[in-house]
Amino acid sequence: GENVEQHPSTLSVQEGDSAVIKCTYSDSASNYFPWYKQELGKGPQLIIDIRSNVGEKKDQRIAVTLNKTAKHFSLHITETQPEDSAVYFCAASFSSGGYNKLIFGAGTRLAVHP
Amino acid sequence: NAGVMQNPRHLVRRRGQEARLRCSPMKGHSHVYWYRQLPEEGLKFMVYLQKENIIDESGMPKERFSAEFPKEGPSILRIQQVVRGDSAAYFCASSPQAGETQYFGPGTRLLVL
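This is a predicted model, so every value here is computed, not measured.

## Regarding the overall build of chain A
(1) Moving on: The secondary structure content of chain A amounts to zero helices and eleven strands.
(2) Moving on: Reading chain A from its N terminus to its C terminus gives the helix and strand order β-β-β-β-β-β-β-β-β-β-β.
(3) Moving on: Over its C-alpha atoms chain A spans a radius of gyration of 14 Å, differing by no more than 12% from the 13 Å that the globule rule assigns to 114 residues.
(4) Moving on: Considering chain A as a whole, with its 114 residues, one finds that 46% of them fall into the buried category.
(5) Moving on: Partitioning the contacts of chain A with sequence separation of at least 6, the portion at a separation of at least 24 is 54%.

## Quick word on the state of the cysteines
(1) Moving on: Applying the stated criterion across every chain, the model contains two disulfides over all chains.
(2) Moving on: Through a disulfide, A:C23 is tied to A:C90; the S-S separation comes to 2.0 Å. Looking down the S-S bond of the A:C23 and A:C90 bridge, the torsion is -100°, so its handedness is left-handed. Highlighted residues: A:C23 in strand β3 (residues 19-25) and A:C90 in strand β9 (residues 86-96), separated in sequence by 67 residues. A:C90 matches A:C23 in its accessibility class, with the two residues each being buried.
(3) Moving on: Here B:C23 engages in a disulfide with B:C92; their sulfurs sit 1.7 Å apart. Between B:C23 and B:C92, the disulfide has an S-S torsion of -45° and is therefore left-handed. Taken together, the residues span a long stretch of sequence, with B:C23 in strand β3 (residues 19-24) and B:C92 in strand β9 (residues 88-95) at a distance of 69 residues.
(4) Moving on: When its relative accessible area of 0% is taken as the criterion, B:C23 is described as buried.

## Looking at the pairing of strand β2 (residues 10-14) of chain A
Residue and element names in this part refer to chain A.
(1) Moving on: Only one face of β2 is covered, namely the one carrying L11 and V13; the face carrying T10, S12 and Q14 has none of its residues buried.
(2) Moving on: For β2 and strand β11 (residues 108-113), the ladder comprises five bridges, and the chain directions are parallel. Residue pairing for β11: T10 is matched across the bridge by R109.

## Some details on unusual backbone geometry
(1) Moving on: Cis geometry is adopted by the peptide bond preceding A:P8, which originates at A:H7 and carries an omega value of -5°.
(2) Moving on: Tracing the backbone through its elements, the reader meets A:P8 in the loop between β1 (4-7) and β2.
(3) Moving on: Geometrically, the link from B:N7 to B:P8 is a cis peptide bond, its omega value of 0° lying close to zero.
(4) Moving on: Among the structural elements, B:P8 can be located in the loop between β1 (5-7) and β2 (10-13).
(5) Moving on: The backbone phi angle of A:K71 is positive, close to 60°, even though this residue is not glycine.
(6) Moving on: By the secondary structure assignment, A:K71 is in the loop between β7 (62-67) and β8 (72-77).
(7) Moving on: One non-glycine residue, B:E52, adopts positive backbone phi at about 70°.
(8) Moving on: As for its position among the elements, B:E52 is in the loop between β5 (43-50) and β6 (53-56).

## Here we look at the packing of aromatic side chains
(1) Moving on: For the structure on display, the rule yields eleven aromatic pairs over all chains.
(2) Moving on: Considering the side-chain rings of A:Y25 and A:F73, the 6.0 Å spacing of their centres and the 55° angle between planes classify their relative orientation as tilted. Separated by 48 residues along the polypeptide, A:Y25 in strand β3 and A:F73 in strand β8 bring together distant segments of the chain.
(3) Moving on: Using a relative accessible area of 0% as the deciding quantity, one classes A:F73 as buried.
(4) Moving on: Ring centres of A:Y36 and B:F104 lie 5.2 Å apart, and the angle between their planes is 85°; on these two criteria the pair is classed as edge-to-face.

Analysis parameters
Residues numbered from 1 in each chain as written. Chains lettered and ligands numbered in written order. Predicted model: local features only at pLDDT ≥ 70, side-chain atom pairs only at ≥ 80, totals over all residues. Heavy atoms only, no water. Helix = DSSP H or I, 4+ residues; strand = E, 2+ residues; numbered from the N terminus. Rg over C-alpha atoms; globule rule 2.2 N^0.38 Å. Buried < 20%, exposed > 50% of the residue type's maximum accessible area, 1.4 Å probe, protein only. Contact = heavy atoms within 4.5 Å. Disulfide = S-S within 2.5 Å. Pairing = 2+ DSSP bridges. Phe/Tyr/Trp six-rings, centres within 6.5 Å; stacked < 30°, edge-to-face > 60°.

Here you go:
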C-alpha cells in the first residue's frame, strides 16, 4: 500500500554540522517529493521539493537528492543553525483515483545545539 | 497574496458538541486538503475537495465527520458529537491544481474536554 518511511525520528546536531534525513517510499510511480518544516505551534511550511525527472536540487543550505531505483530521497542541511530546529516531514505523491495524493512520513525532530 | 487561512486557531468543545473548522485557500487555489495531526505524530490525510465536490474522503471517519467546499466561501470540516479522541491539530492545505505543491494553513487546535 501507500507508505512513506522516514528516519531518524529524532536528530541532534551541533551548530555548524550537517543534518541528513532519509525517506523511502513504496510506489515506484511516485513523481513528486516535497519537504516541509514545522515549527512549534505552526503549520508545515514547504522548504524544498523535487520531481522525479531530476536527481538533486539545491537551495542555499538545503539540498534534496532522489534515487528512483532505490525509491528513497534525502534532505541535507549544511551549516546548521539553531533556527533550523523544527520537525521536518517528507512526502511522496501517490496516484489515486486520477489525482496525486501526498503521503507524509512520520517526521524528524531536529535539534541544533549552539 | 495571503496564504491559507484557518479559523479558529484554537477551539475548545465539550464531549457531544459540534466543531466547525474553516479554511480559506490561497487566492486562485481551487483544491483543498484536510489533514489531522495528533500530538507528536505526522500528518494524516482526511479529505480532498474541489469547489463543490468531494474528490477523495478515504481518510475521513465515516461517522460524525463531514467536509464541504461550497462555490462561495471557505471549506468547512465539521465534526459532530465530538469525543476526546478528536482532540488534535487540523490542518488545511490548498493547491492550484491536483498534484501540485500544497500550501498549509496555521491549523486549528481542537481540544475536547
